[in-house]
Amino acid sequence: MTEPHYSLDDIRENVTHIDNEILKLLAERRQLSLAVAKSKIQTAKPVRDQEREHALLLRLIERGKEEQLDAQYVTQIFHTIIEDSVLYQQAYLQKLTNPDSLQPTARVSFLGAKGSYSHLASRHYFSKKQTKLVELSCNTFRDVLHVVENGHADYGVLPIENTSSGSINEVYDLLQHTSLSIVGEITESIEHCLLTAVDTQLEQIDTLYSHPQPHQQCSEFLHALGGIKQEYCSSTAEAMQKVAELKQPNVAAIGNATSGELYGLTALKGNIANQQENYTRFIVVARKPVNVTPLIPAKTTLIMSTAQQAGSLVECLLVLRNHHINMTKLESRPVIGNPWEEMFYVDVEENLKSELMQSALEELTQLTRFIKVLGCYPSENVKPTDVEI
Ligand SMILES: O=C(O)C(=O)C[C@]1(C(=O)O)C=C[C@@H](O)C=C1
């Protein structure tokens, strides 16, 4: 018997059909996760249940094997599906907890034009929030905050730390003086590429357009290139725009490959950051603070200045330790106008409204000269559950 012959068009039609079915099932599963969230409100169970995830993944790996699907493939797909489910449930619960916080349309400010990393992070953050975005690009971090403060935007998205270059000091310093609250966070994978407008070679590049941050994050690669002229821009988007306008074989920009395409640029070289895994954590600020439901993991950010005595900071940190509160970040910045005085920024994995946090805050207030809560917000870092494959 000869096998029936199908044309490429026929086969593709079948593939399209299956893809549509997959999408339909994913949407159905998403709806079920909403039903799960509603049931968890009744029983006050936390959204994340890693025991359930572990059992579910093990079963799917076994089931996948029967279909000749390898364990890694199955695990990767279901990690993504579970992450979506968790974030979708969190967004739903947060909407119930803060009924007037998220409007059908949200005006969001960020640094740079279309395609800047802050723009990509803004879109990503709001993608699961069921809200339409009005995007406001700004030229400076100060402006990002300013337009939210004066009511021209509802949210501002700002980078706060990067795994290669560390803390973004300018943003920390601006937070000292703002009346805004941190209401969210998102961590983005940042894949820097060397982008060019015309066909060229690495050896021909003598001028590089970039924002100082990506420049710092790619310092080793740039050092290896040797003697390259640096032109600083207000954002990666401006750098890409500039290179697109110049259309010269000796100029390049640092940016994201997908964003580069928006400006007609192609990646001459990828993966140029000092660290293979280059991530930036962004914060989302708004005029009003939000409450975080106890069903989801929360983070609280504080700023404080301690008495200038030996051991003052240690005493504050001991308060956190004694309350078993996990600190995820400690940063110090000088206080402008008061030489040698430091302001400490502390991120902890605890809900501001919890008894534990309230008790720790009371003790900290006694020990510090100044203390202020910058915000309490849902932690959106859904760490995948490990399964042995
Ligand atoms: O079953 C649950 O409890 C869910 O919340 C659903 C789900 C999933 O999408 O499968 C999501 C998060 C939990 O950590 C476990 C499983």
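What counts, and where the lines are drawn
Residues numbered from 1 in each chain as written. Predicted model: local features only at pLDDT ≥ 70, side-chain atom pairs only at ≥ 80, totals over all residues. Heavy atoms only, no water. UniProt positions renumbered as here; feature names shortened; annotations may be inferred. Pairing = 2+ DSSP bridges. Helix = DSSP H or I, 4+ residues; strand = E, 2+ residues; numbered from the N terminus. Axes fitted to C-alpha atoms, helices over the stretch in contact; angles between N-to-C directions. 1 Å grid on protein atoms, 1.4 Å probe; cavity = no way out; pocket = protein on both sides within 12 Å on 5 of 7 lines; lining within 4 Å. Points joined across faces, edges and corners; volume = space filled by probe spheres on them. Nonpolar A, V, L, I, M, F, W, Y, C, P; charged D, E, K, R; others polar. Domains from an automatic or database assignment. Buried < 20%, exposed > 50% of the residue type's maximum accessible area, 1.4 Å probe, protein only. Salt bridge = Lys/Arg side-chain N within 4 Å of Asp/Glu carboxyl O.

Under the annotation held in an unreviewed UniProt entry, the protein chain carries the name Bifunctional chorismate mutase/prephenate dehydratase and is attributed to Photobacterium aphoticum. Of the protein chain, the UniProt comment under Subcellular location (unreviewed entry) reads exactly: "Cytoplasm". Entered under Function (unreviewed entry) in the UniProt record, the comment concerning the protein chain runs "Catalyzes the Claisen rearrangement of chorismate to prephenate and the decarboxylation/dehydration of prephenate to phenylpyruvate."

**Student:** I'm lost on the sheet that holds strand β12 (residues 298-306) in this one. Help?
**Tutor:** In a beta sheet, neighbouring strands are held together by backbone hydrogen bonds and run either parallel or antiparallel to one another. With antiparallel pairing, four strands are arranged side by side in an open sheet as β13-β14-β12-β15. Across the chains shown, the open sheet's two edge strands, defined by having one partner strand only, are β13 (327-334) and β15 (368-378). Each neighbouring strand pair of the sheet contributes to a mean axis angle of 15°, computed without reference to strand direction.

**Student:** Where do I start with empty space enclosed by the protein in this structure?
**Tutor:** By the definition in use, this model includes two cavities of 30 Å³ or more. In this model, the largest cavity occupies a volume close to 220 Å³. Taken together, 18 residues form the lining of the largest cavity, with Tyr 117, Pro 159, His 211, Gln 213 and Pro 214 sitting closest to its centre. Take the lining of the largest cavity: its biggest share by element is three residues, from helix α7 (residues 212-217). Of the residues belonging to the lining of the largest cavity, the class tally is eight nonpolar, ten polar and no charged. In this structure, the lining of the largest cavity is formed jointly by two domains, domain 2 (105-189 + 279-286) and domain 3 (193-269), each of which donates at least three residues. What lines the second largest cavity is simply Ile 160, Tyr 172, Leu 175, Ile 182, Arg 281, Ile 283, Thr 301, Tyr 345, Asp 347, Leu 374 and Tyr 377. The set of elements that each furnish at least two residues to the lining of the second largest cavity consists of α6 (169-175), β11 (279-286), β14 (342-348) and β15. Each of domain 2 (105-189 + 279-286) and domain 4 (298-378) accounts for three or more of the residues forming the lining of the second largest cavity.

**Student:** What is the right way to look at the side chain of His 215 in this model?
**Tutor:** As for its placement among the helices and strands, His 215 is situated in helix α7. Judged by relative accessible area, His 215 falls into the buried class, the value being 18%.

**Student:** How do you make sense of the pattern of salt bridges when you look at a structure like this?
**Tutor:** This model, assessed by the stated rule, comprises 21 salt bridges. Between Asp 100 and Lys 288 there is a salt bridge; the shortest N-O distance is 3.8 Å. On the criterion of sequence distance, the pair formed by Asp 100 in the loop between α3 (71-97) and β1 (105-111) and Lys 288 in the loop between β11 and β12 is long-range, its members being 188 residues apart. Residue Asp 100 shares its accessibility class with Lys 288, and that shared class is exposed.

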